Amino acid sequence: MSVLEIERLTVSFHRRDGLRRRITTDCVRDVSLAVARGEVLALFGASGAGKSLLAHAVMGLLPPNALAGGTMRFDGHVLDAPAQAALRGNRIALIPQSVGHLDPLATVGQQLRWAARRAGRPMTAPGAVAEALSRFDLAPAVAGTFPHTLSGGMARRVMLAMTMASGADLVLADEPSNGLDADNTARVFRCLKSFAEAGKAVIVISHDLPAALKIADRVVLLDRGQVVAEERADAFTSDGEALCAGYARSIWNALPQNGFSRACHEA
Ligand SMILES: Nc1ncnc2c1ncn2[C@@H]1O[C@H](COP(=O)(O)OP(=O)(O)OP(=O)(O)O)[C@@H](O)[C@H]1O
Ligand code: NI
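The residue count restarts for each chain, going from 1 along the sequence in the order it is written. Chain A is the first chain written and ligand 1 is the first ligand written, with later ones labelled in order. The predicted origin of the model limits local features to residues at a pLDDT of at least 70 and limits the giving and counting of side-chain atom pairs to 80 or more, whereas totals for whole chains, interfaces and linings rest on all residues. Calculated side-chain values reflect all of the structure's heavy atoms, with hydrogen atoms and water omitted.

**Details of the nonpolar core**
Residues belong to one nonpolar core when they are buried, are Ala, Val, Leu, Ile, Met, Phe, Trp, Tyr or Cys, and are joined through side-chain atoms within 4.5 Å. In this scheme, a residue with accessible area under 20% of its type's maximum is buried, one over 50% is exposed, and one in between is partly exposed, where area comes from a 1.4 Å probe on protein chains only. Of all hydrophobic cores here, the largest spans 58 residues; its most connected members are L112, L192, F195, V219 and F236. Strands here are runs of E lasting at least two residues and helices are runs of H or I lasting at least four, both read from the DSSP assignment and numbered beginning at the N terminus. If you tally residues by element for this core, the top one is helix 5 (residues 152-166), at eight residues. Any pair of residues with heavy atoms lying within 4.5 Å of one another is described as a contacting pair. Those residues in contact with F236 that sit more than four places away from it in its chain are L209, L213, V219, L221, E231, L243, A248, I251, W252 and L255.

Dropping the structure here:
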């Protein structure tokens with residue numbers, strides 16, 4: 001069964017023009033998708049396509065001037081505002097785009113313990129923090145350090161370790177490889193894959209399609225707020241013949257292994 005089901009989600013913003021007429025802009029339009037346990041869904045689309053808004057709508061963290069429509073279900077139950085407030089940070093986790101969300105005044109170890117305690121799974125056993133860090137290639141000494149001493153890749157892996165400690169069933173990662181070199185990108189994506197292998201449902205938002213394809217099962221392409229294609233990830237990694245949508249094919253053409261052909265120049 002799907003952990004998350006989104007049905008006809010719309011996110012709009014209202015503003016008034018100079019004559020005080022109400023203007024509505026739909027930034028996410030009629031989006032339906034689902035993700036199951038053990039599955040990695042990659043959400044791909046140009047800047048401004050509505051990817052982060054979709055993630056924030058699932059979390060219940062939309063800006064106050066946003067209006068959301070449609071229905072969402074988590075584990076078969078309606079995911080409304082009270083459910084989101086109850087599930088956020090424990091059963092549903094967002095790995096935000098910025099590592100600035102780590103607390104500069106608390107050590108990595110403290111923050112890991114907080115994440116675990118908030119989810120009702122306190123890390124009391126000796127060595128529990130070191131073990132949680134080691135799963136993400138982080139040395140035990142990292143527990144005693146403050147976020148400003150970490151490299152970008154390490155900070156991101158600390159956020160992944162906190163997500164793991166929270167025991168979430170659904171993990172949303174918004175641009176988890178931003179600013180990382182190829183090695184750290186691969187590491188972060190491997191960690192996300194390990195979440196799915198541990199039975200979680202993972203939605204990864206990324207501009208790095210080649211890296212995301214290495215771990216994804218399915219790819220949803222968003223364009224100007226709408227789902228324009230939903231494809232199996234392996235359709236991108238083969239000769240592209242199995243891709244159904246034209247937009248997906250032009251993206252396949254633009255992958256480095258396929259020679260960055262036409263689509264790049266047409267875009
Ligand atoms: N608070 C807001 N008020 C008005 N419009 C907004 C607001 N937040 C986002 N938008 C608009 O919604 C659209 C989608 O934004 P979103 O952040 O989801 O894009 P994205 O696909 O995540 O892009 P990126 O890849 O650059 O992160 C954009 O056109 C943006 O201008
Ligand atoms: Ni975004």
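Still to come is the rest of the account.
**Quick look at the UniProt feature "domain: ABC transporter" (unreviewed entry) in the protein chain**
Under the local residue numbering, the UniProt record ascribes the feature "domain: ABC transporter" (unreviewed entry) to residues 13-249. Between the end C-alpha atoms of residues 13-249 there is a gap of 32 Å, over a span that is 33% helix and 27% strand. UniProt positions are given in the numbering used here, feature names are shortened, and annotations may be inferred rather than shown by experiment.

**Details of the sheet that holds strand 1 (residues 2-16)**
At least two DSSP bridges between two strands are needed for those strands to be called paired. Taken together, four strands build an open sheet; the order of strands is 2-1-4-5 and the sheet is antiparallel. Sheet topology places strand 2 (22-36) and strand 5 (77-78) at the edges, where each strand pairs with a single neighbour. As defined by bridge partners, strand 1 adjoins strand 2 across eleven bridges and the pair is classed as antiparallel. Across the sheet, the residue bridging to R16 is R22, located in strand 2. Those strands touched by helix 1 (residues 51-59) are strand 1, strand 2 and strand 4 (66-74), and its axis lies near 110 degrees from that of strand 1. Lines fitted to C-alpha atoms define the axes, with helix axes restricted to the stretch in contact, and inter-axis angles between N-to-C directions lie between 0 and 180 degrees.

**Some thoughts on the site of ligand 1**
To be near a molecule or strand, a residue needs just one of its heavy atoms within 4 Å of it. Lining the immediate surroundings of ligand 1 are 14 residues, of which S47, G48, K51, S52 and H207 lie closest. Distance and chemistry together define a polar contact, namely a pair of N or O atoms within 3.5 Å, with one atom able to donate a hydrogen and the other to accept it when in protein, and with adjacent residues in sequence counting only for side-chain atoms on both sides. Residue H207 places a side-chain N or O atom 2.8 Å away from an oxygen atom belonging to ligand 1. In short, Shrake-Rupley with a 1.4 Å probe defines the accessible areas, and a residue's cover is counted only from the protein chains shown. When the free accessible area of ligand 1 is taken as 650 Å², the share hidden by the protein chains comes to 64%. Here the shell around ligand 1 gets three residues from one element, more than from any other, and that element is helix 1.

**Structural notes on unusual backbone geometry**
Here the phi dihedral of R8 falls at roughly 50 degrees; this positive angle occurs in a residue that is not glycine. Among the secondary structure elements, R8 is positioned in strand 1. With a phi angle near 60 degrees, D137 is a residue other than glycine that sits in the positive phi range. Position of D137 relative to the elements: it lies in the loop between helix 4 (128-134) and helix 5.

**Some points on the pattern of salt bridges**
We define a salt bridge as a side-chain nitrogen of Lys or Arg found within 4 Å of a carboxyl oxygen belonging to Asp or Glu. Counted according to the given criterion, the structure contains eleven salt bridges. The partner of R187 in a salt bridge is D137, and the shortest N-O contact between them spans 3.3 Å. With R187 in helix 6 (residues 182-197) and D137 in the loop between helix 4 and helix 5, this residue pair connects regions lying 50 residues apart in the sequence. Several salt bridges share partner residues, and in doing so they unite R37, D75, R91 and D169 into one network.

**Thoughts on the pairing of strand 1**
Successive residues of a regular strand alternate their side chains across the two faces of the sheet. The turn linking strand 1 back onto strand 2 is made up of five residues, and R20 within it adopts a positive phi angle of 60 degrees. As defined by bridge partners, strand 1 adjoins strand 4 across eight bridges and the pair is classed as antiparallel. In the strand pairing of strand 4, L4 is matched with F74.

**As for helix 5**
Helix span is expected to be 1.5 Å times the residue number reduced by one. The terminal C-alpha atoms of helix 5, which comprises 15 residues, lie 21 Å apart, in line with the 21 Å expected from a rise of 1.5 Å per residue. By the criterion of burial, helix 5 is predominantly enclosed, with 13 of the 15 residues buried. Of the residues trailing helix 5, G167 is marked for its positive phi of about 70 degrees.

**Let's talk about the pairing of strand 7 (residues 170-174)**
Among the five residues of strand 7, five are classified as buried, and the element is accordingly described as predominantly covered. A two-sided burial pattern is seen for strand 7, the buried positions comprising L170, L172 and D174 on one face and V171 and A173 on the other. When the strands point away from the viewer and the path from the first strand over the helix to the second turns clockwise, the crossover is right-handed. Note that the unit made of strand 7, helix 6 and strand 8 (residues 201-205) has a crossover that is right-handed.

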